[in-house]
Amino acid sequence: MASVKTMSAGEEDFLLRRIKLKVNGQDYVVGSGIPPWTTLIGFLRETVKLAGTKVLCWEGGCGACTIVATVPDQETAGKFKTFSVNACQILVYSCAGWSIETIEHLGDRHKGYHSLQKALSGFYGTQCGYCSPGMIMTLYGQLKASGALTASQVEHSLDGNLCRCTGYRPILDAFKSLAEDASQQLKDKLADIEDAYKAHCPETASACKRSCSGCTKGSGSCSGSSQNEDVTQPEDFKLTVGAVQWYRPVSIRGIKNILKKVTPNEKVCIVVGNTGQGVYKDDGPYTTYINSNSVKELYSITIGSPLTMGANVSLSRVIEVFKHMAISYPGYQYLKTFQSHWELVANVSVRNIGSWAGNLMLKHKHPEFPSDIFLTLLLANAQLTLCHADSLTTTQIDLEQFLQTDMSRGIILSVTLPPMPENVKVQTFKISPRTVNAHAHVNACFKMKLDPVDVKILEKPFLLFGGINADFIHAEQTEAYLVGKYLTEVVTVVEAAKILANEMTPDAKPQDASPQYRKSLAQSLFYKAVVGFLGDKVSGDIRSAAAILERPLSSGQQGFDMNEDTWPVGKGVPKVESTTQISGEAAYLDDVPPLHNELHGAFVQSSFANAKIKSIDASEALKIPGVVSFVAAADIPGRNSFIVNAGARPDPVFVEEQVKYAGQALGLIVADQRATALRAAKQVIVEYEDIKKPILTIKEALQQGRSKIVMSEPYIFGNPEDALNAAKHKVTGEQQQGSQFHFTMEALAGRVTPTEDGYDVLSTSQWPTETQSAVAQVLNVPAHSINLAVRRIGGGFGGKISRQNIVVSAAAVAAEKLKRPVRIVLDLQTHMSLVGWREPYMSKYEVGFDDDGKFEALKVDMITDVGHVANEASVSGLGVRLQNTYYIPNVLFRPIMVKTNTAANTWCRTPGTVEAIATIENVIENVASYLKKDPLDVRLINMVAPNVPRLLTPPHARNVVNDDILPLLIQKSMYQERKEEIKIFNQENVWKKRGMSIVPLWYGYNYPSVFRYGIQVSIYEHDGTVAVSHGGIEMGQGINTKVAQVVAYKLGIPLEKVIIKAADTMVGANSIVTGGSFGSDLCAHGAKVACEALRQRIDVVRAKMKNPSWVQLIRKCHKNDVDICERYWTAGKEHPDSYDIWGACCLEVEIDVLTGQYLIRRVDIIEDCGRSMNPYIDIGQVEGAFIMGLGLYTSEIVKYDTNTGQKLSNSTWEYKPPTALDIPVDLRVTLLPNASNPHGVLGSKATGEPAACFSYVVVTALRAAITAFRAANENEAWFDMDTPITVEKVHQLCGVQPEQFKLSTSTDEFLDDFCLISKDQVYAEVATFCPVN
Ligand SMILES: Cc1cc2nc3c(=O)[nH]c(=O)nc-3n(C[C@H](O)[C@H](O)[C@H](O)COP(=O)(O)OP(=O)(O)OC[C@H]3O[C@@H](n4cnc5c(N)ncnc54)[C@H](O)[C@@H]3O)c2cc1C
Ligand code: FES
Ligand code: FES
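Since this is a predicted model, take the numbers as computed values, not measurements.

Some thoughts on the packing of helix α3 (residues 115-122) against helix α6 (residues 169-176)
(1) Moving on: Packing of α3 against α6 brings their axes to within 8 Å, and their N-to-C directions diverge by 140°. Considering the angle they form, α3 stands oblique to α6. Read as a crossing pair, α3 and α6 show a hand that is right-handed. Along its contact with α3, which presents L116, A119 and L120, the element α6 presents I171, A174 and F175.
(2) Moving on: Partitioning the contact of α3 with α6 into residue classes produces six nonpolar, no polar and no charged.

Encoded structure:
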């Protein structure tokens, strides 16, 4: 057995009062030195000092913290089971007897890598790498649990792991390559990758022979012993830490005994998976924890009729049982429906540990919780067995009685599910803002006992709803109405839907979908269920109403050229950091070990958006043990602004008097532990005065006159006024585009350490120079005293250009005040509310055009919401951008800014350009709608011709989209054939509609003169290896790899000889921000020039030698006093020439009109990337930007409390970036062949940003699908599509009415529909007119 590490000392009975667990094969004993509320991730990172497992949300919603646990299987004595779990949820005290594996155990560069790791790296599945350990561990858990995996299992396993960079396709390909049913192409690629690595056994360090017992079957690597042989023996157990008790009873009697002793002052929590805290974070803190994981009875399952399952059975295990029961036991086929429904609850890692009973208790405590478990069990008429601490007997109750039962001393023991007769039909639905890992807008369950012949409803049906309001479960009036009715009667269905709407009053909470949608959705789901129950009794074209959208297995194709003559430039080499990312070795800011005496900061934030601070009282917070100080504006020695060059207007680190937005920093609590600081920050009492209603939207700001026309004169091209007046056709319109959180997987963070020569600063900064200046400004110290280095950041997307400076400035003030190192790592809620996001936009336009749709004139106002201060507004340059690939002979463009009571909005991937292109594409759609033309025809007719000047845009020698890309795209995507197929599909399906659209792109790429970076290339005479440092920041975009490739190419050495060091403010002094896709280009350019200079010097020496090796040559240079280091400054005047980036994208979508859900069926992108420096990196940039843009336009929405101004979208529960199951089912990306760029760097073009502009195509395709439905219902009018187009919007734009709930399109029903009388009555009337005989 491995040696035991005790994690607490000083207690005599420590070994008795202990919790034992294994981490990566090493035994650990946890005692009272670690408080009971410590999560496993806290233990792993802070105590065990394993930094490979990352953390972001602390609520089970992102998957960054996934580890694998092997735990005693309480269902089967002596057995163990293995699964993935979120370490941010489970408490370390619950892990008694567990064996934990973290990413460090799988493999690293010393002991070799696991196949999952190799695949992820080899398939280019890492960019910033922050999500990578979690991704790998999720799959590792699945692999260990189920043995071999199928591609479908792989895809569904990743329902809880978010990645903001890659767009998921390469991650899915990587893991699918290990699946049994992987395509040959993926298998071949994996074989190549395996060859590139040498597998080493982590146990013996010698080459893996795949023969030891711990070797994971087929995984290609060993996991080592993961089973905890020394399982903590079941015994009642109690540990007291201060006023908090942790109990681990082994029997129900034990739980009852504890509950009996609980006094009213104590707050008790029965801990199973502890995932409930991910949903309701403020339910604690608790004084008494009862961990029921050792109570075997709570895990028992009786398979049979009836089915009984103990309270602690996990959701994943229940799903397995449902699957088995549905096929093996008569009367339990309904569990197939439940299985599908429960698979949509939370995500794999939550379901692996979360219990059904824990879920019911969330519903019990919070009746508004749209629990899927509650609703489905209620439908099944399940009976709960409960016991009460003070009673010797157990009771059986149904789910509705349960909600009324006092559970303060109650324990759920088990649930019993009865069989259902064959003629009872069951259907359930969960409609959520995102495909997976999202709570329901509305969930609904339907059950009807039907006469098999005439489908009469034989007894009162069940119509159950969640997500309406806390009290509404049964639609009682509708249920009563339906008894004895015939389901085939359309009048019954329509009338029932109307009664349903009348009897429900959905809550109107700002964070929820609108009451109108939820009501209409409830009606639609009822209709869906009816159509499903009727099966082939409804006509074929209506039948599509019943099914939810089925997502097939996704796939991707990538096409590109690779030219060997410049290798390794142009070669698809893996990212230079990927091998450390896949092993968890790549260190992000919070992975840096703490210094002696280090403190942690947590922000105190404003609760109001528009108010004055009356007083701040931190005295209660300061009493909490461990709290060291409260730091506020008065402590700032320098200027109270974290802005220096990122705009000109001050933005305070801490508010002094007037609060400008809810979430603004009022001060910082500093404590010895991060958890203590966070807890204490909530105890600071703030009094406000002069509280005013906040202005939160562009429209409100315009009404209040808080707007500013950025330019004194608008941008004008031609004569727009006259041309508009003369235009034959004119339309006007308005369009709103929403905000977007950058959602970097690594949160903003900073650490400041006072040192002998100033301050050592770590920061998650995209712009170290600005961060250095901000700290110098806030502390009022010289810039040279700030030593700042950035190794990498876990995603940037513009969110770390200036916003990190709030964090690091606050840490600096605290460090200076306390003369100790201070670290701040934002939790997700603070991050989302403290800083601004992508700017929201509104466009107003008037366009004139001819009969063909050719533009004659366009007047556009683009209005941006800058937040409370305008430092990063991108609006002024958008007049150029909005021309896209089109020629508009007369243009007037007015950029306008408004201020709101929100955090200052920031640049976010392709800022403004995305919105400008969306604006013009929306105008095109409007013109096409007006003329009843295909929007593609309007696009084509407006394409800019060669050599024609445009607004502030020099003529293009060619329109590459028109000439090359569109013809190729139309051919590759089989656009015309699919257009016909879509037409037929739409004719044949009333309730499912498809739409397809093409959006072109022109992206003028001019290197701004202020974009300059310092680069140093140092060759070491010892062995000829080369180290490079540059002023750019690696944040996933592959800048380091591209720079290394250029250096290797230019020096003529193998890539392995080149290493890229962290960026710092010495080599990179005065460098500009890494952003706008400029960093990779210019740093590669700088490296190229530096290497050319080196080559000039070196080649003089080489010429005098006879075929020397590289090392010989370098040594000789050194000996001859040749400087083998070179620094280059990419001065604006020496920038490479500007160039154009062209592209086009075709997207097909299918919508489910009744719910608003949609599926992106296929996407084809062709982008001109010049001659790519690294095609896989560039494909990754294109895919990642595109998927991020899809999030912007579909599921990512910001909501505020309109009274206080608080941002309600501040967690993974409320904010939904795309998951792996939201991306296009078929994603094909081609880098335009033969497209070498005579300008730019080494023939390449930038790829980080442009592809985000394609994403608006999802809106135009959705418009086509929605239009198809509206047109079928004789509504051809133009409609606005303000973005994001959420599922709610799709449904609402379709304008579904219960009168449309047909069951057949026959004349018979036509009569029903209009008469709204029963079929019997119609038949009677017909009989009167047409008597038999
Ligand atoms: C990211 C995420 C997404 C989610 N999505 C969904 C979703 O889409 N739909 C949905 O329905 N749910 C969802 N959930 C809720 C999830 O299903 C529950 O968190 C989980 O089932 C709770 O189980 P647990 O074992 O972790 O409970 P715990 O967190 O351990 O306990 C929860 C509560 O139950 C009490 N409790 C536990 N066992 C008993 C018992 N035997 N007797 C009495 N009280 C008991 C505890 O005291 C505590 O108050 C989501 C959760 C997360 C974190
Ligand atoms: S940090 Fe644990 S799931 Fe996000
Ligand atoms: S690589 Fe996945 S979040 Fe960056």
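Notes on the site of ligand 1
(1) Moving on: What surrounds ligand 1 is a group of 35 residues, the closest being T275, S355, K365, D372 and K430.
(2) Moving on: At 3.2 Å from a nitrogen atom of ligand 1 is found a main-chain nitrogen or oxygen belonging to A346.
(3) Moving on: In the complex, the protein chains occlude 97% of the 970 Å² of accessible area that ligand 1 would expose alone.
(4) Moving on: Contributions of two or more residues to the shell around ligand 1 are made by β9 (268-271), α9 (276-279), α13 (356-365) and β15 (410-417).
(5) Moving on: Across the shell around ligand 1, the residue classes break down as 18 nonpolar, 13 polar and four charged.

Focus on the pairing of strand β31 (residues 786-790)
(1) Moving on: Alternating residues of β31 divide into I786, L788 and V790, all buried, and N787 and A789, none buried.
(2) Moving on: Of the crossover connections in this fold, the one passing from strand β30 (residues 758-763) over helix α24 (residues 768-779) to the parallel β31 is right-handed.
(3) Moving on: In this sheet, strand β40 (residues 1063-1064) lies alongside β31 in antiparallel orientation, the contact comprising two bridges. Pairing of V790 across the sheet is with A1063, part of β40.

Points about a negative patch on the surface
(1) Moving on: On the surface, a cluster of negative charge is made up of D617, E656, E657, E687 and E689.
(2) Moving on: Of note, D617 is situated in strand β21 (residues 611-617).

A closer look at the UniProt feature "binding site: Mo-molybdopterin" (unreviewed entry) in the protein
(1) Moving on: Per the UniProt entry, the sites bearing "binding site: Mo-molybdopterin" (unreviewed entry) are Q766, F797, R909 and G1076 in this numbering. On the basis of their most widely separated C-alpha atoms, the annotated residues across 311 residues gather in one place, lying no more than 12.8 Å apart.
(2) Moving on: Note that Q766 resides in the loop between β30 and α24.
(3) Moving on: Among the residues examined, Q766 registers a relative accessible area of 1% and is labelled buried.
(4) Moving on: Ignoring anything within four residues of it in the chain, the contact list for Q766 reads I793, G796, F797, G798, G799, K800, I801, I1033, M1035, V1073 and T1074.
(5) Moving on: When you line up the elements, F797 lands in the loop between β31 and α25 (804-818).

Some remarks on the sheet that holds strand β32 (residues 822-825)
Strand pairing in a sheet takes place through backbone hydrogen bonds and is either antiparallel or parallel in direction.
(1) Moving on: Read across the sheet, eight strands follow the order β22-β24-β20-β32-β29-β30-β31-β40 without closing on themselves; strand pairing throughout is mixed. Two strands bound the open sheet, and with one partner strand each, they are β22 (627-631) and β40.
(2) Moving on: Here strand β29 (residues 749-755) pairs with β30 via six bridges, running antiparallel. The residue of β30 that forms the bridge with R751 is L762.
(3) Moving on: Sitting on the sheet, α24 touches β30 and β31, and the angle it makes with β31 is about 150°.
(4) Moving on: In this fold α25 packs onto β20 (599-605), β22, β24 (665-671), β29, β30 and β32, with an angle of close to 30° to the strand it touches most, β29.

Details of helix α17 (residues 490-503)
(1) Moving on: Helix length check: α17, at 14 residues, gives a terminal C-alpha distance of 20 Å against a target of 20 Å (1.5 Å per residue), a fit within 8%.
(2) Moving on: In terms of burial, α17 is largely enclosed, as 11 of its 14 residues are buried.
(3) Moving on: Taken together, the buried positions of α17 are V490, V491, T492, V493, V494, A496, A497, I499, L500, A501 and E503.

Rules and cut-offs
- Residues numbered from 1 in each chain as written.
- Chains lettered and ligands numbered in written order.
- Predicted model: local features only at pLDDT ≥ 70, side-chain atom pairs only at ≥ 80, totals over all residues.
- Heavy atoms only, no water.
- Axes fitted to C-alpha atoms, helices over the stretch in contact; angles between N-to-C directions.
- Helix = DSSP H or I, 4+ residues; strand = E, 2+ residues; numbered from the N terminus.
- Parallel < 35°, antiparallel > 145°, perpendicular 65-115°, else oblique.
- Left-handed = near helix turned anticlockwise from the far one by under 90°.
- Contact = heavy atoms within 4.5 Å.
- Nonpolar A, V, L, I, M, F, W, Y, C, P; charged D, E, K, R; others polar.
- Near = heavy atom within 4 Å.
- Polar contact = N/O pair within 3.5 Å; in protein donor to acceptor, adjacent residues only side chain to side chain.
- Areas by Shrake-Rupley, 256 points an atom, 1.4 Å probe, with all protein chains shown as cover.
- Buried < 20%, exposed > 50% of the residue type's maximum accessible area, 1.4 Å probe, protein only.
- Right-handed = clockwise from strand over helix to strand, strands pointing away.
- Pairing = 2+ DSSP bridges.
- Patch = residues over 30% accessible without salt bridge, like charges linked within 9 Å, V, L, I, M, F, W, Y side chains within 5 Å.
- Salt bridge = Lys/Arg side-chain N within 4 Å of Asp/Glu carboxyl O.
- Lys, Arg positive; Asp, Glu negative; His and termini not counted.
- Charge placed at Lys NZ, Arg CZ, Asp CG, Glu CD.
- UniProt positions renumbered as here; feature names shortened; annotations may be inferred.
- Expected span 1.5 Å × (residues − 1).

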